[in-house]
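The lines below spell out each chain.
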Amino acid sequence: MVERFVGTWKMVSSENFDEYMKAIGVGFATRQVGNRTKPSLIVTVDDQGTVCMKSQSTFKTTEIKFKLNEPFDETTADDRKTRTVVTLENGKLVQKQSWDGKETNIEREITDGKLIAKCIMGDVVAVRTYVKDA
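Residues numbered from 1 in each chain as written. Predicted model: local features only at pLDDT ≥ 70, side-chain atom pairs only at ≥ 80, totals over all residues. Heavy atoms only, no water.

Draft legend 1. Examining the nonpolar core more closely. Within the largest apolar cluster, 17 residues are counted, with the highest numbers of intra-cluster contacts made by Trp9, Val43, Phe66, Leu115 and Tyr130. Going through the elements one at a time, strand E1 (7-15), strand E2 (40-45), strand E3 (51-56), strand E4 (61-66) and strand E9 (114-121) are the ones with two or more residues in this core. Leave out the neighbours within four places in its chain, and Tyr130 touches Trp9, Lys10, Met11, Val12, Pro39, Leu41, Lys114, Leu115 and Ala117. Grouped together as the second largest cluster of nonpolar side chains are eleven residues, Val26, Cys119, Met121 and Val124 included. (Core = buried A, V, L, I, M, F, W, Y, C linked by side-chain atoms within 4.5 Å. Buried < 20%, exposed > 50% of the residue type's maximum accessible area, 1.4 Å probe, protein only. Helix = DSSP H or I, 4+ residues; strand = E, 2+ residues; numbered from the N terminus. Contact = heavy atoms within 4.5 Å.)

Structure below.
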């Protein structure tokens with residue numbers, strides 16, 4: 001099921017991301033860069049079922065490796081230290097990050113051949129859309 005997400009994805013749109021970054025506590029300067037950055041998302045899976053998600057841009061490259069349903073420590077692009085678990089729920093890859101008593105979810109799904117990432121913090125939702133790179 002994760003195989004549907006495998007590939008290189010190029011961001012084509014980002015809605016409400018500034019509000020999402022504010023909600024998770026990202027400072028002004030980092031938000032300015034985050035709003036201008038259009039990262040590519042590279043997803044791979046190895047023979048052991050380890051998933052690698054790499055977010056790559058001219059500003060910063062971050063990479064996480066994980067197995068579904070197994071919690072791990074993550075340092076996010078904005079430098080939060082989170083306890084993260086990724087699950088597969090109804091065809092969506094759900095990344096749950098917990099830190100300092102807070103929690104945010106990033107839900108990724110494939111819709112009409114596009115990868116849609118919903119970043120959710122409380123009632124704030126950002127939607128970032130990616131298309132597969134040829």
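Structure shown, so let's carry the discussion forward.
Draft legend 2. Examining the layout of surface pockets more closely. Of the volumes computed, that of the largest pocket is approximately 710 Å³. Lining of the largest pocket is provided by 33 residues; of these, Phe17, Pro39, Ser55, Thr62 and Ala77 occupy positions nearest its centre. Here the lining of the largest pocket takes four residues from helix H1 (residues 17-24), the largest share from any one element. Split by residue class, the lining of the largest pocket holds 15 nonpolar, ten polar and eight charged. (1 Å grid on protein atoms, 1.4 Å probe; cavity = no way out; pocket = protein on both sides within 12 Å on 5 of 7 lines; lining within 4 Å. Points joined across faces, edges and corners; volume = space filled by probe spheres on them. Nonpolar A, V, L, I, M, F, W, Y, C, P; charged D, E, K, R; others polar.)

Draft legend 3. Spatial organisation of the sheet that holds strand E7 (residues 92-99). Taken in spatial order, the ten strands line up as E4-E3-E2-E1-E10-E9-E8-E7-E6-E5 in an open sheet, and their pairing is antiparallel. Only two strands of the sheet have a single neighbouring strand rather than two, namely E4 and strand E5 (72-75). Taken pair by pair, the neighbouring strands of this sheet meet at an average axis angle of 25 degrees, ignoring direction. For E5 and strand E6 (residues 81-89), the ladder comprises four bridges, and the chain directions are antiparallel. The partner of Thr75 across the bridge, within E6, is Lys81. (Pairing = 2+ DSSP bridges. Axes fitted to C-alpha atoms, helices over the stretch in contact; angles between N-to-C directions.)

Draft legend 4. Representation of the packing of aromatic side chains in the model. Counted by the stated rule, this structure contains two aromatic pairs. Summarising the aromatic geometry, the rings of Phe66 and Phe72 are spaced 5.7 Å apart at their centres and angled 5 degrees between planes, so their arrangement reads as stacked. Judged by relative accessible area, which is 12%, Phe72 ranks as buried. One cation-aromatic arrangement involves Arg80 over Trp99; the distance from NZ or CZ to the ring centre is 4.5 Å. We note Arg128 situated over the ring of Phe17; from NZ or CZ to the ring centre the distance is 3.7 Å. (Phe/Tyr/Trp six-rings, centres within 6.5 Å; stacked < 30°, edge-to-face > 60°. Lys NZ or Arg CZ within 6 Å of the ring centre and 35° of its normal.)

Draft legend 5. Structural view of unusual backbone geometry. Backbone geometry at Asn69 places phi at a positive 70 degrees, although glycine is not the residue there. In this fold, Asn69 is placed in the loop between E4 and E5. Under the relative-accessibility criterion, Asn69 is labelled exposed at 53%. For Asp79, which is not glycine, the phi dihedral falls at a positive 75 degrees. Mapping Asp79 onto the fold places it in the loop between E5 and E6.

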